[in-house]
Amino acid sequence: MTLAEHKQIKEWIIIDERSAAFYALGIAKKTMRPVALVCTSGTAAANYYPAIVEAFYSRVPLIILTADRPHELRDVGAPQAIAQLNLYGEYVKWFQEMALPESTPEMLLYARNKAARAFFMAKEGNCGPVHLNFPFREPLVVDFQLDNLWGDTCNTPYLPTYDGKKQLSPTQIDQMHEKLKQKKKGIIVCGPQTDPKLGEVVTKLAAKWQVPVLADPLSQVRSGEHAKDVVIDGYDAFLRNETIRELLKPEFIIRIGAMPVSKAYLFYVKQHKDILQFVVENDRGFREPAGNRTEFVFADSVLFCEHLTANTELKLDKDWLYEWQQTNQITKKHLLRKTNNQVTEGEAMRGLLDVIPDNSSIFVGNSMAVRDLDTFFLTTEKRIQVLANRGANGIDGVVSSGLGAASNGSRLTLVLGDLSFFHDMNGLHAAMHYKLDVTILLMNNNGGGIFSFLPQANDRKHFEALFGTPLNINFEHVVTMYGGRYFNPQTEKEVKEALLQSYANMGLSIIEVKTDREENAAWHREKWQAIEAELLKGGA
């Protein structure tokens, strides 16, 4: 009630607590500012848990404010009283059990100090969630008629902080240069990250050194106005082959951001464990799931690239970048080849990227959706922000996170599979309630399509029940229930037409692309095999 009464606070009322937490996560991802989550005591707070785990691993600032029963009503069988101290364990950066409220100047000062510190802690270093637990005794209803209800207000932070960006010293830059100067072949890898400035500076560095930039679809490097002649966007397709991976062996890797989505890239670095590798982290962390020997650079990635561009000269193999570019062009030729058959998931993704508006956003689900984005999101001059829940890589809460991101700023397209959609159909209520303008591209292969690419697909006895998990749901009824427009295109051309119509409309539009899991897997494999055949024939 207090938050809703405050004129400077924008509140969103999301009835399902799990959906609310993922919705807040989406807002925070889009705005890169802390968002507060507020709930009553008991299992309401427990329903926040999945989104808090995702926020921790994807480094998103959330401030969780949970109401609680007073101390005398804990562990005595009182209703709606669970153990809420350190409820989220190691998945929050900071926890505080707040004192019981008192109407004294000292306690108001205490509360304001804790609030300011919570805001700072959520953004400090690697961003993440913080948790404050509030025990309250009855009466619980606030008297909004009190004089000077909000006290003294100001437009500056209560506890201002001066938090500088990390950067390497000139001596450390020289040390890196010394290790690199004898190398002839290198690559720069940009994994999932959110800094919109990285694209310009990393491509300038790569152009100076004449090395390729392998850019993940979530790196914010594949789109925008910066030069992209050094950007390699088809590596997930051609690095699937062991021989090609060996032919393209580098002598060093510099990776910025998290590990890329591509499993083919993971095979690539595992195959070349002996090479020199640097991983750049803006603050701290040891994100290297391949287990390779790695040198970690803790410095702001934009400043890091700028300093290397200004202070290093490398004499690399002149044909190295050209080899990657030619391989990439052959790959893209096959990926863009069109057919007139029933639309596949890859073709639907390709169609989306043809017609999506400039200055818009994509929120992509996990499993097949993010992998098709990796394959078909080719470099573009359009300014497209790409977001995803890639911290814990779950399929829960994706609808809510996408709608949260859609509630702030540019037009958003949410791309996800049928299982992710089913897991979070409650999230659609926010689109109806707040009249959000959002397009959802729903890839429906009636189950877990990603498993058709894995070895268990060969087990005919148990595969369908345990991994295929068909839903057999008519999603058109769901769309109608939440007041959306429904489209069911049959070809890539019809997908584009439906998308363009949705962008011209206000409110919720859902475009359902129905595919067959086995046919989809075969279509992808045919593409990969054609790419491999041409590359190996020409010596890659």
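What comes next concerns the included structure. Note that the structure is a prediction, hence the values are computed from the model and not measured.

Per the secondary structure count, the chain includes 21 helices and 16 strands. Reported as C-alpha extents along the three principal axes, the dimensions of the chain are approximately 80 × 60 × 45 Å. Pairs at least 24 apart in sequence give 77% of the contacts found in the chain among residues at least 6 apart. If you sum the accessible surface of the chain, you get close to 25,200 Å²; carbon and sulfur atoms cover 53% of it.

Each pair of packed helices gets described by two things: the angle between the helix axes and the distance between those axes. Running from N to C, helix 2 (residues 17-31) and helix 15 (residues 398-406) point in directions that differ by 45°, and their axes come no closer than 6 Å. In terms of their interaxial angle, helix 2 and helix 15 are classed as oblique. Relative to helix 15, the crossing made by helix 2 is right-handed. From helix 2, Ser 19, Phe 22, Tyr 23, Leu 25, Gly 26, Ile 27 and Lys 30 reach across to helix 15, where they touch Ser 400, Ser 401, Leu 403, Gly 404 and Ala 405. A class-by-class count of the residues in the contact of helix 2 with helix 15 yields six nonpolar, five polar and one charged.

Moving on: unusual backbone geometry. With the exception of glycine, most residues fall at negative phi, and the peptide bonds are largely trans. A cis geometry characterises the amide bond from Glu 138 onward to Pro 139, with omega recorded as 5°. Mapping Pro 139 onto the fold places it in the loop between strand 4 (129-135) and helix 6 (170-180). The backbone of Arg 59 sits at a positive phi, close to 60°, despite the residue not being glycine. Examined against the element boundaries, Arg 59 turns out to sit in the loop between helix 4 (49-58) and strand 2 (62-68). Judged by its relative accessible area of 22%, Arg 59 falls in the partly exposed class. We note that Gln 220 has phi near 65°; this positive angle belongs to a residue other than glycine. Tracing the chain through its elements places Gln 220 in the loop between strand 6 (213-215) and strand 7 (231-232).

A full pass over the atoms with the stated rule returns 21 aromatic pairs. Taken together, a centroid distance of 5.4 Å and an interplanar angle of 55° make the contact between Phe 451 and Phe 467 tilted. Of the two residues, Phe 451 is situated in the loop between strand 14 (438-444) and helix 18 (463-468) and Phe 467 in helix 18; the sequence distance between them amounts to 16 residues. Taking the relative accessible area as the measure of exposure, Phe 451 reaches 27% and is therefore partly exposed. One aromatic cluster is present, built from ring pairs that chain together Tyr 49, Phe 56, Tyr 57, Tyr 88 and Tyr 91.

When you line up the elements, Ser 360 lands in strand 11 (residues 360-364). On the basis of relative accessibility, which here comes to 3%, the residue Ser 360 falls in the buried class.

Hydrogen bonds along the backbone pair up the strands of a sheet, which may run parallel or antiparallel. The parallel open sheet is built from six strands, whose spatial order is 7-6-5-8-9-10. In the strand order of this sheet, the two ends are held by strand 7 and strand 10 (295-298), each with one partner. One ladder, built from five bridges, connects strand 8 (residues 252-256) with strand 9 (residues 276-281); its direction is parallel. Each bridged residue has a counterpart across the sheet, and for Arg 255 the counterpart in strand 9 is Val 279. The sheet contacts of helix 7 (residues 198-209) involve strand 5 (186-190), strand 6, strand 7 and strand 8, and relative to strand 5 the element is tilted by about 175°. Sheet strands in contact with helix 11 (residues 301-311) are strand 8, strand 9 and strand 10, and its direction is about 140° off that of strand 8.

What counts, and at which threshold
Residues numbered from 1 in each chain as written. Predicted model: local features only at pLDDT ≥ 70, side-chain atom pairs only at ≥ 80, totals over all residues. Heavy atoms only, no water. Helix = DSSP H or I, 4+ residues; strand = E, 2+ residues; numbered from the N terminus. Contact = heavy atoms within 4.5 Å. Areas by Shrake-Rupley, 256 points an atom, 1.4 Å probe, with all protein chains shown as cover. Axes fitted to C-alpha atoms, helices over the stretch in contact; angles between N-to-C directions. Parallel < 35°, antiparallel > 145°, perpendicular 65-115°, else oblique. Left-handed = near helix turned anticlockwise from the far one by under 90°. Nonpolar A, V, L, I, M, F, W, Y, C, P; charged D, E, K, R; others polar. Buried < 20%, exposed > 50% of the residue type's maximum accessible area, 1.4 Å probe, protein only. Phe/Tyr/Trp six-rings, centres within 6.5 Å; stacked < 30°, edge-to-face > 60°. Pairing = 2+ DSSP bridges.

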